[in-house]
Protein chains: 2
Amino acid sequence: MMIDRLFEAVIQKRNPSVLGLDTRLEYLPQELQSQFDAKAPFESAAELIRTFNYALIDATADIVPAVKLQSAYYEMYGPQGVQAFLDTARYAKQKGMLVMADCKRNDIGSTAQAYAMAYLSSTPFPDGIARSAFDMDFLTVSPYLGVDGVQPFVQACEQAGKGIFVLVKTSNPSSGQLQDIVAQGKTVYTHMAGLVAQWGQTQIGRYGYSSIGAVVGATYPAQGAELRAAFASVPFLVPGYGAQGGKSDDLALTFDERGLGAVVNASRSLMCAHQKSDAPYAQAAREEALRMRDDLLGALAKANRLSY
Amino acid sequence: MMIDRLFEAVIQKRNPSVLGLDTRLEYLPQELQSQFDAKAPFESAAELIRTFNYALIDATADIVPAVKLQSAYYEMYGPQGVQAFLDTARYAKQKGMLVMADCKRNDIGSTAQAYAMAYLSSTPFPDGIARSAFDMDFLTVSPYLGVDGVQPFVQACEQAGKGIFVLVKTSNPSSGQLQDIVAQGKTVYTHMAGLVAQWGQTQIGRYGYSSIGAVVGATYPAQGAELRAAFASVPFLVPGYGAQGGKSDDLALTFDERGLGAVVNASRSLMCAHQKSDAPYAQAAREEALRMRDDLLGALAKANRLSY
């Protein structure tokens, strides 16, 4: 069960955080940007992204359980960027990290199935052999289309032993426009969390959490705490720590009393740590990752929610 | 204004339909499938997809105004599949067709911007030159995250003269789970259509339609007619004709009295026409495209909604 592997890694590394690799060239240190080759721009961009990502993975693999790759920042460099996305995922796995693909994919029926095959299970070929295109451990999924937009992903998790995080309450300022609409006495995000809990019932692992989880933004800690209390089997991926403003003390209540049930992602604060440091960029990222870990563990201890 | 180019092409070719290229290897005729090379599976898949797509484009470019590429079916063949997606888009443009990327992308703030740069405008590089990664004419966008998940796409349309279609009422059986929730006396999909109309106010072209449009599934014709009547400036991309069960007579009311305001996509019925025909696959697709065109024009004429 993939969710067990995630919380095992959290316990083993004593760290409930995720390294977000939203790698755009502007974030790279000057020493890498200056190597850009305008004669082969997309290929060169992909190569620089690989160099940067691999260095950050090397610098954090012993202390951070998982990386999250934000697909948009790879797609903006075309098919070569998508190749760098795949290469980074493979590299992180080799180094013992779990890999989350933050793609927020969503579609219906056979098309949702195609996305699930692409990222979680495998694609059939004319020779009768199924091959994995991206083979990610976790994928984020957007639920606007309803259950038959999500069910194919849930099934792929079951078949391939993978996990998903469904958008429930996102970290952006206007997330309430749709997600906070109240119908039948409940907000849309609460309806959605209830569906996620239900979809995940058959994939609950040894920590009591399902491989079918929810994205709950760090910028809405009250809603995170409310959802944590109401849906004991749903693990949370919590983006928005650091640059977006999420604070560790607020986030403690999105964890259970063992310090499990949630992982917190930070991207810019780790990737761009070199901008505020004299250390080389990979070491700066490691130092910030350690600071973030200690910050989260400190907040969990203070809230009496830490058992590892 | 991209929406003007779309309706000009509809009028010029007398055809409000879109060729959906959801190209998976299972849909290819045996003569192509048998050329699959298991020694380089992803590269070979991409090559076969290009061959099939180019042949369908050659066979329909004079009669069909636009193609829609469903990204999932390319992503399932990895970065090589994504390359075939890009190559197909370029080929279709060369042949005078408009290209819609059906990616249903969605994210927040700078990440939504990255998707918008990837598909609609262009990506900045360290040498100060911005380059287009995919350069599509239209992109589909999923709105679960609220206005700051869509605004970056709207801005990119303005800057780059492109268009988007935002999911409003999708064609799948369970689309109502979220989209039909009633709040403040209106369904979520009606709220959403109102937002789309508002977002598109500054990009209205000469036919009275905005480059910011909506996806309205062919399988919900009553809702399509309701939305057409209520939101005069919002153009509709209507998937679900053919294999999914949408019928032309039902769809006529999603068009305005000139036969504009909507385009109807069909994928499987065109791509797989060879399975029900003795003609070569590309010719079978052309014949089905002509049948679909005549079916739609006939329904529009019957409903007194045809001016071209």
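Quick caveat: nothing in here was measured; it's all calculated off a predicted structure. (Residues numbered from 1 in each chain as written. Chains lettered and ligands numbered in written order. Predicted model: local features only at pLDDT ≥ 70, side-chain atom pairs only at ≥ 80, totals over all residues. Heavy atoms only, no water.)

As for the confidence of the model for chain A
When pLDDT is averaged across chain A, the result is 96; 100% of the residues are at 70 or more. Model confidence for the complex is summarised by a pTM of 0.97, with the ipTM given as 0.96. (pLDDT = per-residue confidence, 0-100.)

Some remarks on the interface of chain A and chain B
With 70 residues of chain A at the interface, the matching set in chain B holds 70 residues. Regarding the contact of chain A and chain B, the summed buried area is about 5,600 Å², with carbon and sulfur atoms giving 63% of it. Linking chain A with chain B are 4 salt bridges, by the criterion used here. In this structure, Arg-105 of chain A and Glu-75 of chain B form a salt bridge, with 2.9 Å as the shortest nitrogen-oxygen distance. Here chain A and chain B share 34 residue pairs in polar contact (both at pLDDT 80 or more) between them. Ranked by residues supplied to the side of chain A that touches chain B, first place goes to helix α6 (residues 109-119) of chain A with 7 residues. (Contact = heavy atoms within 4.5 Å. Buried area = accessible area lost by both parts, 1.4 Å probe. Salt bridge = Lys/Arg side-chain N within 4 Å of Asp/Glu carboxyl O. Polar contact = N/O pair within 3.5 Å; in protein donor to acceptor, adjacent residues only side chain to side chain. Helix = DSSP H or I, 4+ residues; strand = E, 2+ residues; numbered from the N terminus.)

A closer look at helix α1 (residues 2-13) of chain B
Residue and element names in this part refer to chain B. Its 12 residues place the ends of α1 17 Å apart at the C-alpha level, agreeing with the 16 Å of an ideal helix rising 1.5 Å per residue. Considered for burial, the residues of α1 that qualify are Met-2, Ile-3, Asp-4, Leu-6, Phe-7, Ala-9, Val-10 and Lys-13. Structurally, α1 contributes buried residues whose contacts are with β2 (66-70), β3 (98-105), β6 (138-141), β7 (163-169), β12 (262-266) and α13 (281-302). Just beyond α1, the residue with positive phi is Arg-14, at close to 50°. (Expected span 1.5 Å × (residues − 1). Buried < 20%, exposed > 50% of the residue type's maximum accessible area, 1.4 Å probe, protein only.)

Here's the deal with the sheet that holds strand β12 (residues 262-266) of chain A
All names here are of chain A. If you walk around this closed barrel you meet the 8 strands as β1-β2-β3-β6-β7-β10-β11-β12, and the pairing is parallel. In this sheet, adjacent strand axes meet at a mean angle of 30° when their direction is disregarded. Its contacts with the sheet put helix α3 (residues 41-60) on β1 (17-21) and β2 (66-70), and the angle it makes with β1 is roughly 165°. Strand contacts of helix α13 (residues 281-302): β1 and β12, with the helix running at about 145° to β12, the strand carrying the most contacts. (Pairing = 2+ DSSP bridges. Axes fitted to C-alpha atoms, helices over the stretch in contact; angles between N-to-C directions.)

Examining the pattern of salt bridges
Residues and elements named next belong to chain A. Within this structure, the stated rule accounts for 42 salt bridges over all chains. We note a salt bridge from Asp-87 to Arg-50, for which the minimum N-O separation is 2.8 Å. Of this pair, Asp-87 sits in helix α5 (residues 78-94) while Arg-50 sits in helix α3, and the two are 37 residues apart along the sequence. Grouping residues by exposure puts Asp-87 and Arg-50 together as buried.

What to know about the relation of the copies chain A and chain B
With an RMSD of 0.0 Å, chain A superimposes on chain B once it is rotated by 180° and translated 0.0 Å along the axis. Such a turn and shift between the copies fits a two-fold axis. Mapped onto chain B, 100% of the interface residues of chain A are again interface residues, and the two copies thus contact each other with one and the same surface. (Least-squares fit on C-alpha atoms with pLDDT ≥ 70 in both.)

Points about the environment of Thr-88 of chain A
All names here are of chain A. Topologically, Thr-88 is positioned in helix α5. In this structure the C-alpha to C-alpha distance between Thr-88 and Val-67, which are 21 residues apart in sequence, comes to 9.6 Å. When residues no more than four places from it in sequence are discounted, the contact partners of Thr-88 are Leu-21, Asn-53, Tyr-54, Ile-57 and Leu-69. Of the polar contacts made by the side chain of Thr-88, one reaches the backbone oxygen of Ala-84; its length is 2.7 Å.

Concerning the nonpolar core
Of all hydrophobic cores here, the largest spans 240 residues; its most connected members are Tyr-119 and Ile-164 of chain A together with Tyr-119 and Ile-164 of chain B. Not counting residues up to four positions away in its chain, the partners in contact with Ile-164 of chain B are Leu-120, Phe-138, Leu-139, Val-141, Val-150, Phe-153, Val-154, Cys-157, Ser-211, Ile-212 and Gly-213 of chain B. (Core = buried A, V, L, I, M, F, W, Y, C linked by side-chain atoms within 4.5 Å.)

A few points about the side chain of Asn-106 of chain B
With respect to the helices, strands and loops of the structure, Asn-106 of chain B is situated in the loop between β3 and α6 (109-119). From its side chain, Asn-106 of chain B meets the backbone oxygen of Lys-104 of chain A in a polar contact 2.9 Å long. For Asn-106 of chain B, the residues in contact, after removing those within four places along its chain, are Lys-104, Asn-106, Ser-142 and Leu-167 of chain A together with Tyr-115, Ser-142 and Leu-145 of chain B.

Observations concerning the packing of helix α9 (residues 188-199) of chain B against helix α10 (residues 221-230) of chain B
All names here are of chain B. In contact at an axis separation of 11 Å, α9 and α10 are set at 35° when each is read in the N-to-C sense. Here the hand of the crossing between α9 and α10 comes out right-handed. Residues Tyr-189, Thr-190 and Ala-193 of α9 form the contact with α10, whose own contacting residues are Gln-223, Glu-226 and Leu-227. For the contact of α9 with α10, a count of residues per class yields 3 nonpolar, 2 polar and 1 charged. (Left-handed = near helix turned anticlockwise from the far one by under 90°. Nonpolar A, V, L, I, M, F, W, Y, C, P; charged D, E, K, R; others polar.)

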